[in-house]
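So you can see what is in the structure, the chains are spelled out below.
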Amino acid sequence: MAESKVVVITGASSGMGEATAKLLAKDGNKIVLGARRENRLQDIATEIERLGGQAVYAATDVTNDDEVEALAKLAIDRFGRIDVWINSAGIMPQSLLAQKKVKDWDMMININIKGTLYGIGAALPYMMKQKSGQIINIASVAGHIVGPLSSVYSGTKYAVRAISEGLRQEMAQAQSNVRVTLISPGAVNTELLSSITDEKVKAGTEEFYKNFSIPVDWVAQTIKQSIELPADATWNEVIIRPTAQQM
Ligand code: NDP
């Protein structure tokens, strides 16, 4: 079994965040869960503890830097360090630009980009002091290709990719030992589509996901493997897609 780590996860109340939390907890890692739905976090922490693991949680809106800082502090107060910080919080309300869904644009930018930045900002001081750590950002294949309906979502994920590469270079330059991993999934069966506000777009995307999406545990396994690599090597970028997904 790999050495136990303190792992903070945003977007931990469902989907990839939840699956990763449960998988990593099984291996003895100490888990710190953050998301807005506190009741979900409580249920997940209770389940982890029932199975003999350790988990704490805090209601956290990643668009609020103070709340993200408080999540980092919870990890330090309870477990003394932060070994891995996973930025999984995200939404995907796709639409055409001509629909001018300003509220959706703002939310995607605030959650997907700023939320990721706040997570990095909260974790880095502790990791740089420890001279070890790993930041894992969840982007998307939409951070590698763009198409109609996904202009803004793709824009946010391209930004996460750019920020991750910049961070990687800065951490290497500082000889910090902080690893940076970008995971870009294709269609994965989670609650993500519930954030789509246009009913027609939602129905079309649901149909696509029904045909192609892979189980969320496959992504959790990928994240686990990236953490378990020897400390002097990093998976900087991973794309994990359903084999049958063309784009
Ligand atoms: P889910 O909808 O299941 O999970 C999204 C998580 O983000 C939830 O826990 C939600 O919790 C949290 N979240 C949303 N807004 C906020 C906020 N303001 N503050 C804190 N947490 C927030 O979807 P996934 O697990 O699929 O999504 C995880 C990541 O994977 C996202 O970044 C998504 O863009 C990315 N992704 C997903 C793909 C897929 O096909 N599923 C493909 C490629 C990338 P709560 O509402 O409780 O706050």
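Keep in mind it's a predicted model, so treat the numbers as computed, not measured.

Engineer: Please clarify how the overall build of the protein should be interpreted in this entry.
Structural biologist: Tallying secondary structure elements over the protein gives seven helices and nine strands in all. The C-alpha atoms of the protein give a radius of gyration of 17 Å, which matches the 18 Å a tight globule of 247 residues would have. Its C-alpha atoms put the protein at 50 × 45 × 35 Å along the principal axes. Pairs at least 24 residues apart make up 70% of the contacts formed inside the protein by residues separated by at least 6 positions. Carbon together with sulfur atoms contributes 51% to the accessible area of the protein, which is approximately 11,700 Å² in total. Considering the protein, the positive charge centre built from 26 side chains and the negative charge centre built from 27 side chains are found 2 Å apart.

Engineer: Can you help me understand helix α4 (residues 102-130) in this one?
Structural biologist: Because an α-helix packs 3.6 residues into every turn, residues spaced three or four apart end up facing the same way. An ideal rise of 1.5 Å per residue puts 42 Å on 29 residues; α4 measures up with 41 Å between its terminal C-alpha atoms. The first or second residue beyond α4 is K131, which carries a positive phi of 60°.

Engineer: I would appreciate a short explanation of the packing of helix α1 (residues 15-26) against helix α7 (residues 216-228) in the present structure.
Structural biologist: A pair of packed helices is characterised by two quantities: the angle between their axes and the separation of those axes. In the contact formed by α1 and α7, the axes pass within 8 Å of each other and the chain directions differ by 55°. With respect to their mutual orientation, α1 and α7 come out oblique. As α1 runs across α7, the sense of the crossing is right-handed. Residues G15, M16, A19, T20, L23 and L24 of α1 form the contact with α7, whose participating residues are V216, D217, V219, A220, Q221, I223, K224 and I227. Considered class by class, the residues forming the contact of α1 with α7 number nine nonpolar, three polar and two charged.

Engineer: Explanation requested: the pairing of strand β3 (residues 54-59) in the structure shown.
Structural biologist: Two faces, one strand: in a regular strand the side chains alternate between the faces of the sheet. As paired strands, strand β2 (residues 30-35) and β3 are joined by six bridges and run parallel to one another. Within the sheet, the bridge partner assigned to V32 lies in β3 and is V56. The handedness of the β2 to β3 crossover, carried by helix α2 (residues 38-50), is right-handed.

Engineer: So what exactly am I meant to see when it comes to the nonpolar core here?
Structural biologist: Generally speaking, a soluble globular protein has its nonpolar side chains buried in company with each other. Counting 36 residues, the largest nonpolar core has V32, W85 and I135 as the members making the most contacts within it. Mapped by element, the contributors of at least two residues to this core are β1 (6-10), α3 (65-79), α4, α5 (151-173), β6 (178-185) and α6 (199-212). Ranked by the residues each element gives to this core, the list is headed by α4, at seven residues. Excluding its chain neighbours within four sequence positions, the residues that come into contact with V32 are V6, V7, V8, I9, V56, L71, L74, A75 and F79. Core analysis: the next-biggest nonpolar cluster, separate from the first, contains 31 residues, L41, A45, V216 and I227 among them.

Engineer: Would you mind going over the packing of α3 against α4 with me for this structure?
Structural biologist: Between α3 and α4, the shortest axis-to-axis distance is 9 Å and the interhelical angle comes to 35°. The crossing of α3 and α4 is right-handed. Together, D65, V68, E69, A72, K73 and I76 of α3 and Y118, G119, G121, A122 and Y126 of α4 make up the contact between the two elements. In the contact of α3 with α4, the residues fall into six nonpolar, two polar and three charged.

Engineer: Even after reading the chapter, I still don't get the pairing of β6, so can you show me in this structure?
Structural biologist: Taking burial as the measure, the eight residues of β6 include eight buried ones, the bulk of the element. Here strand β5 (residues 133-138) pairs with β6 via six bridges, running parallel. Bridge pairing in β6 links I135 to V180. Handedness of the crossover joining β5 and β6 through α5 is recorded here as right-handed. When β6 meets strand β9 (residues 237-240), the two strands line up parallel, connected through four bridges.

Each value, and the rule that gives it
- Residues numbered from 1 in each chain as written.
- Predicted model: local features only at pLDDT ≥ 70, side-chain atom pairs only at ≥ 80, totals over all residues.
- Heavy atoms only, no water.
- Helix = DSSP H or I, 4+ residues; strand = E, 2+ residues; numbered from the N terminus.
- Rg over C-alpha atoms; globule rule 2.2 N^0.38 Å.
- Contact = heavy atoms within 4.5 Å.
- Areas by Shrake-Rupley, 256 points an atom, 1.4 Å probe, with all protein chains shown as cover.
- Lys, Arg positive; Asp, Glu negative; His and termini not counted.
- Charge placed at Lys NZ, Arg CZ, Asp CG, Glu CD.
- Expected span 1.5 Å × (residues − 1).
- Axes fitted to C-alpha atoms, helices over the stretch in contact; angles between N-to-C directions.
- Parallel < 35°, antiparallel > 145°, perpendicular 65-115°, else oblique.
- Left-handed = near helix turned anticlockwise from the far one by under 90°.
- Nonpolar A, V, L, I, M, F, W, Y, C, P; charged D, E, K, R; others polar.
- Pairing = 2+ DSSP bridges.
- Right-handed = clockwise from strand over helix to strand, strands pointing away.
- Core = buried A, V, L, I, M, F, W, Y, C linked by side-chain atoms within 4.5 Å.
- Buried < 20%, exposed > 50% of the residue type's maximum accessible area, 1.4 Å probe, protein only.

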